[in-house]
Amino acid sequence: MILLPGLLFILWGEPARCLAEGGGFDFYGEIRQYAVATNTVYVATEEKLYQLNHDLTLVRSVTQRGIIKSGEHVYDAQFHRVSETDHWNTTFRVNVLLPFVENATLISCGVIDRGCGVCELLDLEDISSVLHRELFSVGPQRRNSSASVGFLVNVEKTRTETETYILTAIQKDKKNPEKIDCPSSETMNLHNTNNNQVGFIFSYSGDGYNTINAVDDVEFVDGFQLGSIIYLFSNLPKSNTVRLIWLEGKTSKIQTFRSLRGATLSISDGGGGSRLEASSVVPGGPPVLWSGVFSVDGGRTNTELVLFDISPDLTGEKDKDPDFCTKSSCTDRITPQPKTLKPKKVLFRQNYMTSVLAVRQKTWLVFFIGTGDGQLIKLAVDKNYHTTCPRVLYRANDDRKVLPKMHLDPVDHKHVYVPFQKQIKRVAVSNCSTYTNVQDCWSAQDPYCVWCGSKRSCTFEDDCQDSDWLSIPDDSQQKMISHKVVKDNTGQITLTIKTHVTAGSEALANFACQFSTSSSQLCTGNNPPPQFPQCTCILTNSILPADGMHVTVKIRLGKTRLTEELKLTNCADITGPPTSVLCRQCIEAGCGWNINHCSWANQGERNDNLCQKLDSGMSISRPEISSITPSVISFYGKNHAVLSGLNLHDVTRVRLQADMDCTPQESPVWSNTGESLTFHIPSADIKGVVKVCVVLPDGSCHGSTTITYRSSPSCTDFTPDTSWISGKREITVTGSHLDFVEGVVHNHAPDEVRSPKSNNSQNLTYDTPAAKTNGVFMSHVSLKVANQTLACSPTIIYHPDPEFISFTAARTGDDVRVTIQKKADKLNMKMTEIEVWGFLDEKQYHCIMENLETNNNTDSFTCEIPKPPDAKFQKLLIKFGDKTVTLGPPSLVHQVMLILSILLIPCVIFVLVIICRWQKKLTDEMNNH
C-alpha cells in the first residue's frame, strides 16, 4: 500500500507540467516573476523555475528548493539546490528575473529562508545549468515585495563602449525594515552584470556613491530604457502622487544617477488623488507616448487608462528633485517643485483594470488591458486618439486577477501572454477569421485584420499572400462607404462616393466605380476618372424626382467587390420642423444640416452629433428612470428584469450602452404599466458597468441609470452530496456569484427546473428533484442563468429512500421519549431532515427531535412528545423531503428474533473459543511427532 502512491507519482510525472486548455500553462504555485526573451518564456514560481517555448510548451523546470548551510553570520549562509526527492530546508524566492540575451544568460536573484540574498547566473538555453552563484543582495530582501522593479540598462561609457547594469528600484518600507543582519541596498542601485566591471559581478560599487535614496516611502510600478534615457514610475503614498524619474545612461554609474530629473503625472487638476496601477510604453516615436492605468477613487475599483507624452525634459537642473536624491540623506534641502505632466487623452474607463500592454500596428495604437475580474480587453486607437469599440479577447468565468505585466509573443507577434496567479494564458491578438464577409471584417475596426481578395476571407495581413487586400483607414470611421450630394451655382448636381479603407498595391491598381439607375442614364460623359479613395458622378439631370432616385454603386478594389444602394433626394425637399429625426434624415441622404434646415452637402454640416442636440419634436412627457431590479447580474444577462420610473407609457425599447464607441444593445419592452416595465437584459461581452436609457418611438433615449455585469456563477461543492430517490432533499451549493442563479437542473430530470429557496453570492439552497429509478446513480447538476446552463463539476449521488425499521416509546416523567431505528445507509441523514408525529387514539402528537446516534448497522433517532396521555403509540408518521411513511411498533416475531439474536452472541463466542483450543491442541500434537 505504501508503494502504490509512489508508483502512481512516477507514472503521473511532474504535476506542474500542465498545458492548460485553450493555449496556456498552469502552475502549482504562485507566479513571482516572469520574463520573455527571443523565443522563450521564463517563469519563477514559489517553488520552481520554468523554461517554456514561446507557445508555452515546457522545455524544462528546476526546483527552487535547497538546503542552507549556516555560517557564523546569517549572510554567510550557503544555498545549494537539491533534487525533487532530496531533503530540503529552504526555498529560493526570486525577486529579479532578467534575460541577458547579449550575454546568453538568465539573471535570477532573490532571497532564501533564514538567509540573505542569492543571485544565480543561468544558461539562457538551459536553466538547469548554473554558470555562477553568489550570496549577494540584488533587489528587495523581503519575500513578498510587489512594489519593487528591476531591469537591464545600458550606460554609454564612451562612443564605442557600453556597459550593461542591473537597475533595481526597491520599496523601502520604514515600518517593516528588511533583515537587520543582511547587507541592504538603497532605493535605487546599479549592479554589475559581469566580472570585468569594477567590483565584479552583482556589485553596485564603482566610481563614487552609486545609489539614489527617497525622502519618504515609495512604491515602484515600472521602469524601462529608451535610447539613453531611463524612465522610472512610482507612487508616493504619503503625498498620494505619481512620480516619473528621468535618468541619462551616460559616462558612469554615478553620472547616471546625478542626471536625476523628474516630473509629476497628474490626471486631475489638483495633481494628486490618483494611484498608478500598471504601465506600458508605446513603441515608436518621438514623441515618447506612454500609457498608464490609474485608480482615481482612493481604492482600486474606479480605474482609467490614460495616455501621456513623457518625452524627457533635460533642461531642468539635475539632482534637485524634492522626493529623490543621490546623497545618503535627502533632508534639509531646498528644491523646486517638479514639473507636472497632463494627459493627452483619457482613453478608457473601466472598473478593476490591473494591467496594460501598448502595441503600435501601422498608424494605429492597440492597447491590451487586463482586469481584476479576469478579462483581456483590446482597445484600438486611431492617429487622432479616437477609440473604437473595446473587444474582449479573453474572459474568465471567475474573478481571477490579471497580473500587472503582459508581454507580446516575440516570435509571431500575434499572441499576448496574460499572467494570472497560477497560470499564463497565450491569447491571440485578434480573431480575424470569425468575420465571414468584407463588411464584418471592416466593421470590426481591427488594425490587425484585412480582407484578403484572393482568399475571400478576413485574415492577418501577412497571411494574405499577395497585396490584394483592404482594411480600415488611418482614422476611425462609422461607415465603409459614404456619399454626399453637392449642387453648384449652375444647378449641376454632383454625387461623390468615398471609400474609407486602406488597400494593398494590387487592390489600388484595380480601383473602379460604376453608377447605375433603373430609369435613365445617371452620369454625364465628362466625369473625372476614379481616384482612390473616391469616385465622382456628375448627374445628367439637375432636377431629382420628387420621390427620390434609387442609385446602385458598384466599387471594385482588386478582386473585392463592394455594392452600395442609395436613394438620392433633393436636399431642399427635406423639410419640416427642425427635429432630430429630420436632421438624421437629411444627413443620411447625403445632404448637410444648415442651422435649422436641410441643404446641399456643400452648404451645411454633415456631423451626426448635431442631430443629437435637437429636440425630438414629440409632445410626450420625458420618461424618468428610478431603478432597475436586478441591477447587478452575470455577463449572461437576466430575463424578466423590472425597470421602474415615471412617464414610461410610450417607451418601446430599453437601450444599453457599454461604451460610447460601441453600437448599443436594445431590448424590447414586454409589459408596461407606465410606472414599471419588464424587459430582458441581454448578455454582454465585457464585465463592467453599462449605461441604460429608455427609447421613445422617435428614437430618442431618456433617463439614466446603470447595470453592472459581473462574472458567471460557479459551484464548487454540495452539502450534502447525496439525495434519496423520492427527492426534495435540501442541498446547499457553495461557490461564487450564486445570487445570479435562477434555477438548478439535474440531468436525470432536465425539464424540472428547481428554483433556489435562498441564495447569496457564496451559497444557494434548493430541493433535489425525484428520480424514477431505484438504484444508486450519479446525477450531474447545472445552474440556469438567463438563457444559459452552466455545468457544475461536483455531482449528487442518489440512493434508495431511507428505510425506517422500528420504534420504541418510553415515558420519562410527563413526556414520552421515542427511539426510531433506521437501517444504515450512505445518505448521512441529519435529524433536522425528518419530522415525526405519534398517533394515539387517532390523535396526532408532534415529536421534537433531540438526538441521532449512528453505528455500523442502524441509525437511532430520538425525539420527545411532551405530555401525552399515554406512551402506547399505535404508529408514527415520519416525513422526509416530499415523502411520508408510516411506522408501526415492532411485531411479536420481530421482538422474539431480536431476543434470539442477542442470546446467540455468547453462544457463538463460546463455540469459537472451543474451536481455537482444539486447533491449538491439534497443532501441538503434530509438532511432537
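Basis of the calculations
Residues numbered from 1 in each chain as written. Predicted model: local features only at pLDDT ≥ 70, side-chain atom pairs only at ≥ 80, totals over all residues. Heavy atoms only, no water. Helix = DSSP H or I, 4+ residues; strand = E, 2+ residues; numbered from the N terminus. Buried < 20%, exposed > 50% of the residue type's maximum accessible area, 1.4 Å probe, protein only. Contact = heavy atoms within 4.5 Å. Areas by Shrake-Rupley, 256 points an atom, 1.4 Å probe, with all protein chains shown as cover. Core = buried A, V, L, I, M, F, W, Y, C linked by side-chain atoms within 4.5 Å. Disulfide = S-S within 2.5 Å. Pairing = 2+ DSSP bridges. Axes fitted to C-alpha atoms, helices over the stretch in contact; angles between N-to-C directions. Phe/Tyr/Trp six-rings, centres within 6.5 Å; stacked < 30°, edge-to-face > 60°. Lys NZ or Arg CZ within 6 Å of the ring centre and 35° of its normal. Arc of directions from axis to C-beta. Salt bridge = Lys/Arg side-chain N within 4 Å of Asp/Glu carboxyl O. Patch = residues over 30% accessible without salt bridge, like charges linked within 9 Å, V, L, I, M, F, W, Y side chains within 5 Å. Lys, Arg positive; Asp, Glu negative; His and termini not counted. Charge placed at Lys NZ, Arg CZ, Asp CG, Glu CD. Polar contact = N/O pair within 3.5 Å; in protein donor to acceptor, adjacent residues only side chain to side chain.

Caption draft 1: Structural view of the overall build of the chain. Helices and strands together make up the secondary structure of the chain, namely 7 helices and 69 strands. Within the chain, the proportion of its 929 residues that are buried is 47%. Taking the intrachain contacts of the chain between residues at least 6 apart in sequence as the baseline, contacts between residues at least 24 apart amount to 56%. Element-wise, carbon and sulfur atoms account for 50% of the exposed surface of the chain, whose accessible area totals about 45,300 Å².

Caption draft 2: View of the nonpolar core. Counting 48 residues, the largest nonpolar core has Leu495 and Phe515 as the members making the most contacts within it. Examining the composition of this core, we find that 5 residues originate from one element, strand β42 (residues 549-557), more than from any other. In this structure, Ala641, Val654, Val690 and Val692 belong to the second largest nonpolar core, which totals 24 residues.

Caption draft 3: View of the state of the cysteines. For the structure on display, the rule yields 13 disulfides. Between Cys847 and Cys863 runs a disulfide, and the two sulfur atoms are separated by 2.0 Å. Because the torsion about its S-S bond is 100 degrees, the bridge between Cys847 and Cys863 counts as right-handed. With a gap of 16 residues between them, Cys847 in strand β66 (residues 843-854) and Cys863 in strand β67 (residues 858-865) connect regions that are remote in the sequence.

Caption draft 4: Up close: the sheet that holds strand β34 (residues 449-452). Strands sit in the order β35-β34-β36-β39 across an open sheet of 4 strands; the sheet is antiparallel. Edge positions in the sheet fall to β35 (457-460) and β39 (502-503), since each of these pairs with one other strand and no more. For β34 and β35, the ladder comprises 4 bridges, and the chain directions are antiparallel. By the bridge assignment for β35, Val450 is matched with Thr459.

Caption draft 5: The pairing of strand β58 (residues 749-754), seen in detail. Note: strand β57 (residues 743-746) against β58, 2 bridges, orientation antiparallel. From the neighbouring strand, Val744 faces β58, where its bridge partner is Arg754. Joining the antiparallel neighbours β57 and β58 is a turn of 2 residues.

Caption draft 6: Region of the structure containing the sheet that holds strand β26 (residues 345-351). Taking strand neighbours across the sheet as the criterion, the 4 strands line up as β21-β22-β23-β26 in an open arrangement whose pairing is antiparallel. Lying at the two open borders of the sheet, with one neighbouring strand each, are β21 (275-281) and β26. Taken pair by pair, the neighbouring strands of this sheet meet at an average axis angle of 20 degrees, ignoring direction. By the bridge criterion, 6 bridges tie β21 to strand β22 (residues 289-295) in an arrangement that is antiparallel. Within β22, the residue paired with Arg275 across the bridge is Ser295.

Caption draft 7: Looking closely at the environment of Gly24. Here Gly24 shows up in strand β2 (residues 24-26). Assessed through its relative accessible area of 0%, Gly24 is described here as buried. The spatial distance from the C-alpha of Gly24 to the C-alpha of Pro419 is 9.5 Å, given a sequence separation of 395 residues.

Caption draft 8: Highlighting the packing of aromatic side chains. One pass over the structure, following the stated rule, counts 19 aromatic pairs. On the numbers, 5.4 Å between centres and 85 degrees between planes, the contact of Trp724 with Phe880 is edge-to-face. Pair noted here: Trp724 is in strand β55 (residues 722-724) and Phe880 is in strand β68 (residues 875-880), with a separation of 156 residues, a long-range link. By relative accessible area, which is 1% here, Trp724 ends up buried. Taken together, a centroid distance of 6.0 Å and an interplanar angle of 45 degrees make the contact between Phe804 and Phe880 tilted. You can see Phe804 sitting in strand β63 (residues 804-812) and its partner Phe880 sitting in strand β68, a full 76 residues away along the chain. The buried category is assigned to Phe804, whose relative accessible area is 11%. A relative accessible area of 1% means that Phe880 is categorised as buried. Pairwise contacts between aromatic rings join Phe224, Tyr231, Phe233, Trp290, Phe294 and Phe308 into one cluster. Taking the ring centre of Phe635 as reference, the NZ or CZ of Arg395 above it sits at 3.5 Å. Here the guanidinium or amino end of Lys875 rests over the ring plane of Phe839, the centre of that ring lying 4.9 Å away.

Caption draft 9: How the structure looks around helix α5 (residues 580-588). For α5, the set of buried residues is Ser580, Leu582, Cys583, Cys586 and Ile587. Take α5 and look down its axis: the buried residues cluster within an arc of 160 degrees, on one side only.

Caption draft 10: A look at the environment of Thr569. Along the chain, Thr569 falls in the loop between β43 (560-568) and α5. Thr569 sits 17 residues away from Cys586 along the chain, and the two C-alpha atoms are 9.2 Å apart. Thr569 has contacts with Leu544, Gly548, Ile574, Cys591 and Trp600, leaving out every residue within four places of it along the chain.

Caption draft 11: Here's a closer look at the pattern of salt bridges. Tallied over the entire structure, the rule returns 37 salt bridges. Note that Arg60 is salt-bridged to Asp126, the shortest N-O span being 3.1 Å. A residue pair is termed long-range when its members are at least 10 positions apart, and Arg60 in strand β6 (residues 58-63) and Asp126 in the loop between β11 (117-123) and β12 (130-134) qualify at 66 residues. Given the relative accessible area of 25%, Arg60 is considered partly exposed. With a relative accessible area of 23%, Asp126 lands in the partly exposed category. With a shortest N-O distance of 3.0 Å, Arg817 and Glu864 are connected by a salt bridge. Of this pair, Arg817 sits in strand β64 (residues 815-823) while Glu864 sits in strand β67, and the two are 47 residues apart along the sequence.

Caption draft 12: Geometry of a positive patch on the surface. A grouping of Lys479, Lys484, Lys498 and Arg606 is seen on the molecular surface, where their side chains present a positively charged patch. Under the relative-accessibility criterion, Lys498 is labelled partly exposed at 34%.

Caption draft 13: Expanded view of the environment of Leu244. Assignment of secondary structure puts Leu244 in strand β19 (residues 241-248). Sequence separation of Leu244 and Leu265 is 21 residues, and the distance between their C-alpha atoms is 6.9 Å. Non-local contacts of Leu244, meaning those with residues more than four positions away in its chain, are made with Tyr231, Leu232, Phe233, Arg261, Gly262, Ala263, Leu265, Ile310 and Leu341.

Caption draft 14: A look at the side chain of Asp321. Summarising the element assignment, Asp321 is placed in the loop between β23 (302-309) and β24 (324-325). There is a polar contact of 2.5 Å between the side chain of Asp321 and the side chain of Arg243. A distance of 3.2 Å separates a polar side-chain atom of Asp321 from the backbone nitrogen of Phe324.

Caption draft 15: A look at the side chain of Ser280. Within the secondary structure layout, Ser280 lies in strand β21. When its relative accessible area of 7% is taken as the criterion, Ser280 is described as buried. A polar contact is formed between the side chain of Ser280 and the backbone nitrogen of Ala358, at a distance of 2.9 Å. Apart from residues no more than four positions distant in its own chain, Ser280 is found in contact with Asp222, Trp290, Ser291, Val356, Leu357 and Ala358.

Caption draft 16: Structural detail: unusual backbone geometry. Of the consecutive residues Pro286 and Pro287, the connecting peptide bond is found in the cis state with omega at -5 degrees. In this structure, Pro720 follows Thr719 across a cis peptide bond, with omega equal to -10 degrees. Along the polypeptide, Pro720 turns up in the loop between β54 (714-719) and β55. Here the phi dihedral of Arg456 falls at roughly 55 degrees; this positive angle occurs in a residue that is not glycine. With relative accessibility at 62%, the residue Arg456 sits in the exposed group. A positive phi angle is found at Ala786, which is not glycine, with a value near 55 degrees. One can find Ala786 in the loop between β61 (777-785) and β62 (788-799). Take Ala786: its relative accessible area is 9%, and that puts it in the buried class.

By themselves, these observations are geometric and do not establish any function.
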